[in-house]
Protein chains: 2
Amino acid sequence: MSFSSQPILYSYFRSSCSWRVRIALALKGIAYDQVPVNLVKDGGQQFSAEFKAVNPMQQVPALKIDGITITQSLAIIQYLEDTRPNPRLLPQDPKKRAQVRMISDHIASGIQPLQNTSILNKMGERKVEWAQQCITSGFQAIEQILQHTAGRYCVGDEISMADLCLVPQVGNAERFGVNLAPYPTITRINKALLELEAFKVSHPSRQPDTPPELRS
Amino acid sequence: MSFSSQPILYSYFRSSCSWRVRIALALKGIAYDQVPVNLVKDGGQQFSAEFKAVNPMQQVPALKIDGITITQSLAIIQYLEDTRPNPRLLPQDPKKRAQVRMISDHIASGIQPLQNTSILNKMGERKVEWAQQCITSGFQAIEQILQHTAGRYCVGDEISMADLCLVPQVGNAERFGVNLAPYPTITRINKALLELEAFKVSHPSRQPDTPPELRS
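Everything quoted here is computed from the prediction, not taken from an experiment.

Q: Describe the UniProt feature "domain: GST C-terminal" (unreviewed entry) in chain A, listing the residues and the values that go with them.
A: This chain's UniProt record puts "domain: GST C-terminal" (unreviewed entry) on residues 93-212 of chain A. For residues 93-212 of chain A, helix accounts for 65% and strand for 0%, while the C-alpha atoms at its two ends are 44 Å apart.

Here's what the structure looks like:
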């Protein structure tokens, strides 16, 4: 039970979907409390009755804010955008906004769900190979799309929701040992973003629940 | 090559993501041409060089509209919403809009990708059991969420993007033989929606590429 009036983020340091939301909160300068939910300890704390009451989907992230609880990272980010529009994470031009959503959804629906922990547990020995394959075929498409959309970042020169999806997905790619050499645009944009303070403070290596050996 | 000035939807009759977009187009009264892409014939026509030029993600749906090509069903629907807002598929209240996006993303990222054809092909004998399990655990969460959000439809009494995701996902559930008895709210809303003209004309049983034996 928390009596804080600040938003509360239920999060796991290594969850790429949680990281997306942490970046949004940092960029928009929203102070929040973080409640860690360990997705692997005790068979997964997200399956506890206590957390199920917070989020029936039994997933992180979940954000308690403004008297409601929102789940699904892109729904959370777009709620923040609707209620705290500065700085913008979606361009005003509808065509550019479509490009941002297309790249975001491609990662959020087309790559991440296929390589998340619950799926990998089903894959047994083929686990790493499977994760690499999903990410590789997803990144091939994104690299091609970025040829048409990218400037300094994924869509033009302004940071957008697409960038909030890209960096954590590259983090997953690195964890699974995916060779990033065929994706020079993804690599360039990821590097530029990781230099920004909002991406640094939200990084999995710097969260309250990051184990000491993974801290940096 | 088409010289039509109408939007062109690349679609597959049985693709639940294509169905979502067909409902949006029907509700908004947007006339369009449909180009069928058979996801199973010839090893999958989405993998052809010709279609890869349309959509590097090699997936349906893709919509050519206003001089651009948009992929990812929710990105397409939200572009239509941004440019052709009548009737609204996202409520004006940010909290209700968050509920719509939460339910939509839960289906689009949390259920559908796990039971799509390319994953099922990896599952061999466990195929149907796997699909049932993904849909069942997803529907358990949605049924609970709907207790807080639903009116006549998923969020209140107005049709929203969440409904466009729900009906095709129930269609998939039925195809895989999922027992829907534990989900009375999902079942009630699905039934109400299927009575509406926009859901009928967009139904997989009535598309240009629907095989004769599946027509109704």
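Q: Account for the sheet that holds strand β2 (residues 33-36) of chain A, with residues named and values stated.
A: All names here are of chain A. Reading across from one edge, β2-β1-β3-β4 is the order of the 4 strands in this open sheet, with mixed pairing throughout. Among the strands making up the open sheet, the edge pair consists of β2 and β4 (68-71). Averaged over all neighbouring strand pairs, the angle between strand axes comes to 20°, with direction disregarded. Sheet topology note: the strand β3 (residues 62-65)/β4 ladder contains 4 bridges and is antiparallel. Along β4, the bridge assignment pairs I65 with I68. Taken strand by strand, helix α3 (residues 73-83) contacts β3 and β4, and its axis lies near 130° from that of β4.

Q: Which residues make up the side chain of R20 of chain B, and what values do they have?
A: Take R20 of chain B: it is sitting in helix α1 (residues 16-27). One buried charged residue, R20 of chain B, forms no salt bridge at all, with the nearest opposite charge on D105 of chain A at 7.9 Å.

Q: Talk me through α1 of chain B; I want residue IDs and the actual numbers.
A: All names here are of chain B. Helix length check: α1 (12 residues) gives 17 Å between terminal C-alpha atoms against 16 Å at 1.5 Å per residue, within 8%. Most of α1 sits out of view: 10 of its 12 residues are buried. Three or more residues of α1 are buried, namely S16, C17, S18, W19, R20, V21, R22, I23, A24 and L25. Positioned one or two residues after α1, G29 has a phi angle of 65°, which is positive.

Q: Which residues make up unusual backbone geometry, and what values go with them?
A: Each neighbour pair has its own omega, and for V60 of chain A with P61 of chain A the value is 0°, a cis peptide bond. With respect to the secondary-structure elements, P61 of chain A resides in the loop between α2 (49-54) and β3. In this model, Q58 of chain B sits at a positive phi of 55°, which is unusual for a non-glycine residue. With respect to the helices and strands, Q58 of chain B occurs in the loop between α2 (49-54) and β3 (62-65). Even without a glycine there, the phi angle at D66 of chain B is positive, about 55°. Within the secondary structure layout, D66 of chain B lies in the loop between β3 and β4 (68-71). You can call D66 of chain B partly exposed: its relative accessible area is 34%.

Q: Could you give me a rundown of empty space enclosed by the protein, with the residues and numbers involved?
A: Under the counting rule described, the total for this entry stands at 1 cavity of 30 Å³ or more. Contributing to the lining of the largest cavity are L74, Q78, R101 and D105 of chain A together with L74, Q78, R101, D105 and M161 of chain B. Where the lining of the largest cavity is concerned, the elements lending two or more residues are α3 and α4 (94-110) of chain A together with α3 (73-83) and α4 (94-110) of chain B. A per-class count over the lining of the largest cavity returns 3 nonpolar, 2 polar and 4 charged.

Q: Summarise the interface of chain B and chain A; cite the residues concerned and give the values.
A: Facing the 37 residues of chain B at the interface are 37 residues of chain A. Taken over both partners, the interface formed by chain B and chain A buries close to 3400 Å², and the fraction arising from carbon and sulfur atoms is 63%. Its largest share of buried area at the contact with chain A, chain B owes to M57, M102 and K122 of chain B, together 15% of the area lost on that side. Where chain B packs against chain A, one counts 4 salt bridges. The partner of D82 of chain A in a salt bridge is R97 of chain B, and the shortest N-O contact between them spans 2.9 Å.

Q: Residue-level account of the domain arrangement of chain A, with values.
A: Residue and element names in this part refer to chain A. Parsing chain A into structural domains produces domain 1 (8-87) and domain 2 (94-199). Placing a centre on the C-alpha atoms of domain 1 and another on those of domain 2 gives a separation of 20 Å. Of the residues lining the interface, 12 residues belong to domain 1; the matching set on domain 2 comes to 17 residues. For the pair domain 1 and domain 2, the two sides together bury roughly 1400 Å², of which 72% comes from carbon and sulfur. One can count 0 salt bridges joining domain 1 with domain 2. Across the contact surface, domain 1 and domain 2 share 2 residue pairs in polar contact (both at pLDDT 80 or more). Looking at the side of domain 1 that touches domain 2, the elements that each hand over two or more residues are α1 (16-27) and α3.

Q: Kindly report on the pairing of β3 of chain A, identifying the contributing residues and their values.
A: Residue and element names in this part refer to chain A. Sheet analysis places strand β1 (residues 8-11) next to β3, joined by 3 bridges and oriented antiparallel. When the sheet's bridge partners are listed, L9 is paired in β3 with L63. Between β3 and β4, which pair antiparallel in sequence order, lie 2 residues; one of them, D66, sits at a positive phi of approximately 55°.

Q: Report on the packing of α4 of chain A against helix α6 (residues 127-149) of chain A, specifying residues and quantitative values.
A: All names here are of chain A. Where α4 contacts α6, the axes come no closer than 11 Å and their chain directions differ by 170°. Taken together, the axes of α4 and α6 lie roughly antiparallel to each other. On the side of α4, the interface is formed by Q99, M102, I103, H106 and I107, while α6 contributes G138, A141, I142, I145, L146 and T149.

Parameters and conventions
- Residues numbered from 1 in each chain as written.
- Chains lettered and ligands numbered in written order.
- Predicted model: local features only at pLDDT ≥ 70, side-chain atom pairs only at ≥ 80, totals over all residues.
- Heavy atoms only, no water.
- UniProt positions renumbered as here; feature names shortened; annotations may be inferred.
- Helix = DSSP H or I, 4+ residues; strand = E, 2+ residues; numbered from the N terminus.
- Pairing = 2+ DSSP bridges.
- Axes fitted to C-alpha atoms, helices over the stretch in contact; angles between N-to-C directions.
- Contact = heavy atoms within 4.5 Å.
- Buried < 20%, exposed > 50% of the residue type's maximum accessible area, 1.4 Å probe, protein only.
- Lys, Arg positive; Asp, Glu negative; His and termini not counted.
- Salt bridge = Lys/Arg side-chain N within 4 Å of Asp/Glu carboxyl O.
- Expected span 1.5 Å × (residues − 1).
- 1 Å grid on protein atoms, 1.4 Å probe; cavity = no way out; pocket = protein on both sides within 12 Å on 5 of 7 lines; lining within 4 Å.
- Points joined across faces, edges and corners; volume = space filled by probe spheres on them.
- Nonpolar A, V, L, I, M, F, W, Y, C, P; charged D, E, K, R; others polar.
- Buried area = accessible area lost by both parts, 1.4 Å probe.
- Domains from an automatic or database assignment.
- Polar contact = N/O pair within 3.5 Å; in protein donor to acceptor, adjacent residues only side chain to side chain.
- Parallel < 35°, antiparallel > 145°, perpendicular 65-115°, else oblique.

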